[in-house]
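Listed here are the chains, written in short residue letters.
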Amino acid sequence: MHIVVCIKQVPDSAQIRVHPVTNTIMRQGVPTIINPYDLFALEEALRLRDADGGEVTVLTMGPPMAEDALRKALTYGADRAVLLTDRYFAGSDTLATSFALSQAIAKIGETFGPPDIVFTGKQTIDGDTAQVGPGIAKRLELMQLTYIAKIASIDLDAHEITVERRSESGTQMLKSKLPCLITVLEGINEIRRGSLQDALRAARSEIVTWSAADAGIDDLTKCGLRGSPTVVKRVFAPTGRAEKSVQIDTADKALRDLADELIAAIFTRQPALEHELACDGA
Amino acid sequence: MLNANREPPPPAAGRAGMKKDLPEHFKDYHHVWVFIELERGQVHPVSFELLGEGRKLADKLGVQLAGVVLGPPGEASWHAVAEAFAYDADLVYIVEAPLLGDYRNEPFTKAMTDLVNTYKPEILLLGATMRGRDLAGSVATTLLTGLTADCTELDVDPDGSLAATRPTFGGSLLCTIYTLNCRPQMATVRPRVMALPQRVEKPVGRIVELKLSMVEDEIVTKVLGFLPDAQSAKANLAYADVVIAGGLGLGGAENLQLVTKLARALGAEYGCSRPLVQKGWMPAERQIGQTGKTIRPKLYIAAGISGAIQHRVGVEGADLIVAINTNPNAPIFDFAHVGIATDAIRFLPALTEAFTRRLSPHSRDKLAS
Ligand SMILES: Cc1cc2nc3c(=O)[nH]c(=O)nc-3n(C[C@H](O)[C@H](O)[C@H](O)COP(=O)(O)OP(=O)(O)OC[C@H]3O[C@@H](n4cnc5c(N)ncnc54)[C@H](O)[C@@H]3O)c2cc1C
Ligand SMILES: Nc1ncnc2c1ncn2[C@@H]1O[C@H](COP(=O)(O)O)[C@@H](O)[C@H]1O
């Protein structure tokens, strides 16, 4: 079995600031991580490989420094890493990203054997559209299985897969065909610690690095800014509420009195609530 | 209306400066559509929330608001049609077919793209539910158009283009995104981000039906079964009027009962911040925030929650936010309406007791007199 996992290197979101004048994101000095949701996808791929044999290829599209994310993925136990990097990809939105990645996956198929499953994370924490996965599926005509809570079985001979998919009000059991594209829910598995052996291997491994041309992409109008129908016009920090909260003074008060005071404060602001709660609460 | 007499776009000074030069064949794309999401006979309320937003956009653009119902033949689908009109749709497109019973990507994508290609909307809105996102991604890629996910604000510019604002970088920033020269402009919005509009009394309007040009044999993925969530396990958090939530400040899983007891006394739902899910103290469906549920209760009480931006974005729509936190400088006090800087572990039992006392039948009599 050959499994491709798409991972993205993202800035650690807690540490982002906007430049007050230019309104651009200041990425300098912000540490990068593998998109947290992609780790569940990677783990699921490794788990399937460990059970049934085969190979896991990790793929990312990004700047040359995205190699760090790929090396990290190798330390978890991925077999091969492909970096798709080219200045033509700069400014890609999800449509352009899914185009480039699907071309690269096709090339991976030609070079290292066609994938049975392509995994993506549920969403990224920087672009977070949750659309690159479905985009790849559509372009490569793979069956699209999103929000998967469990991979129940895979029958490689019959090219069949059964999965549990979450919906708003329950769980669907689905049977579909390989090759397919799967996005997994967070928490579907527990992410392993890489072995020392894999860490050593990762440090020595060669990362397969492809330009647009190497990946066989000749229609550059579908890449980067030119291939992106959406454009970010403005980035800004959310505005806070003008006034701070009213604080209940806690000095020298019994808990019981404090509680009564808080409840009075609540019902003063939401008078209708008292009646509603008295009717259906308690 | 669009761009007729505009200057040509300035040369590539980055696309942000570019005008939306709409190709000729997209110029007859008009009206605002909302996907009416039907699961197991129920319309998801996010569809009504979107009709409310869609109404505002349509009025600004001077166009019509349409609901899109994709469902199995029969009562449920027609109920959804009636509901769309009750939330002020001007017309409803319906594709009714047995293949549109249980959700599957293939027939739903086919039905929606056929509708779009036939009737050409300029804006298409879907709920950012699992189904809405699954469908939106395939539809956008099939139509090769732009899609902005998880929007928190929608507006139209003077030139008629959709300005879709969404949080980015884990909620710490917002960005406004445009779809330049493709149609429709697609966006998804999470449940409860937009307020539920008033129902309107108006007669059922125009209904446009389209046949689904697909048969079961063409669909690879088969549904083997469906396991509905047990009623008890299903957290109805997003739509609760009162929500009590606990955070890491509660110290340990054994103190969660302080939160659930208060919730029970008030007939409220309970939830938590993300670390509690990560620690396995509460199931994921009870997480509130950017990567959990968005809530809009009349009353939200947060105990031992610091108020990180990712939590904040999920609760800002609450009418009244009450925070209990030992640290008087905790960020939650920046957006709570009422705060109390005290130990939640000691205070919550007293609060539960005081609420019970105040809401008991005895005091209810007092209230009535
Ligand atoms: C991509 C991303 C997505 C995220 N999504 C979410 C999300 O959806 N929802 C979410 O909640 N978080 C989310 N987070 C995490 C978020 O950044 C915070 O880490 C988290 O909300 C903190 O949880 P907390 O307030 O319970 O814990 P802490 O930040 O540790 O705060 C605990 C608080 O309890 C107070 N306290 C301590 N003891 C007591 C006591 N005895 N009584 C009262 N108060 C006490 C402390 O003063 C402190 O303010 C996300 C993070 C990232 C990076
Ligand atoms: N540049 C990229 N390189 C590789 N994979 C990506 C890239 N962007 C997105 N993905 C994959 O697509 C998923 C969804 O991304 P998004 O649509 O941005 O939320 C991510 O979890 C990744 O698995």
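Cut-offs used in this document
Residues numbered from 1 in each chain as written. Chains lettered and ligands numbered in written order. Predicted model: local features only at pLDDT ≥ 70, side-chain atom pairs only at ≥ 80, totals over all residues. Heavy atoms only, no water. Contact = heavy atoms within 4.5 Å. Buried area = accessible area lost by both parts, 1.4 Å probe. Salt bridge = Lys/Arg side-chain N within 4 Å of Asp/Glu carboxyl O. Pairing = 2+ DSSP bridges. Helix = DSSP H or I, 4+ residues; strand = E, 2+ residues; numbered from the N terminus. Axes fitted to C-alpha atoms, helices over the stretch in contact; angles between N-to-C directions. Near = heavy atom within 4 Å. Polar contact = N/O pair within 3.5 Å; in protein donor to acceptor, adjacent residues only side chain to side chain. Areas by Shrake-Rupley, 256 points an atom, 1.4 Å probe, with all protein chains shown as cover. Nonpolar A, V, L, I, M, F, W, Y, C, P; charged D, E, K, R; others polar. Core = buried A, V, L, I, M, F, W, Y, C linked by side-chain atoms within 4.5 Å. Buried < 20%, exposed > 50% of the residue type's maximum accessible area, 1.4 Å probe, protein only.

This paragraph deals with the interface of chain B and chain A. Taken residue by residue, the interface counts 96 residues in chain B and 84 residues in chain A. Both faces combined, the contact of chain B with chain A buries some 8000 Å², and carbon together with sulfur accounts for 59% of it. Put simply, chain B and chain A have five salt bridges between them.

The strand order across the open sheet formed by six strands is E15(A)-E18(B)-E17(B)-E16(B)-E14(B)-E15(B), and the pairing between neighbours is parallel. Only two strands of the sheet have a single partner each, and these edge strands are strand E15 (246–248) of chain A together with strand E15 (269–272) of chain B. Going from strand to strand, the sheet's axes swing by 20° on average, the running direction of each strand aside. In this fold helix H5 (residues 256–266) of chain B packs onto strand E14 (242–246), E15 and strand E16 (299–303) of chain B, with an angle of close to 170° to the strand it touches most, E14 of chain B.

What follows is about the sheet that holds strand E14 (residues 230–236) of chain A. Pairing is antiparallel across the open sheet formed by four strands, whose spatial order is E14(A)-E10(B)-E9(B)-E8(B). Across the chains shown, the open sheet's two edge strands, defined by having one partner strand only, are E14 of chain A together with strand E8 (153–156) of chain B. Between one strand axis and the next, the sheet turns through 25° on average, direction left out of account. Pairing of strand E9 (residues 162–168) of chain B with strand E10 (residues 173–179) of chain B involves five bridges; the strand directions are antiparallel. By the bridge assignment, alanine 164 of chain B is partnered in E10 of chain B with isoleucine 177 of chain B.

Next up on the list: the site of ligand 1. With respect to spatial proximity, 28 residues lie near ligand 1, and among them Ser273, Gln287, Thr291, Ser306 and Gln310 of chain B are the closest. Neighbouring residues of ligand 1 are distributed over chains A and B. A distance of 3.4 Å separates an oxygen atom of ligand 1 from a polar backbone atom of glycine 292 of chain B. Take threonine 326 of chain B: an N or O atom from its main chain is 3.3 Å from a nitrogen atom of ligand 1. In the complex, 78% of the free accessible area of ligand 1, which totals 980 Å², lies under the protein chains. Looking at the shell around ligand 1 residue by residue, the class counts come to nine nonpolar, 17 polar and two charged.

Next up on the list: the nonpolar core. By size, the foremost hydrophobic cluster in this structure holds 41 residues, and its most contacted members are Ile266 of chain A together with Ile301, Leu351 and Phe355 of chain B. Per-element tally for this core: the top contributor is helix H8 (residues 344–359) of chain B, with eight residues. Dropping the residues within four chain positions of it, phenylalanine 355 of chain B is found in contact with Ile263, Ile266 and Phe267 of chain A together with Leu262, Leu266 and Ile301 of chain B. Counting residues in hydrophobic clusters, the runner-up holds 39 residues, among them Ala41, Val58, Ala73 and Leu178 of chain A.

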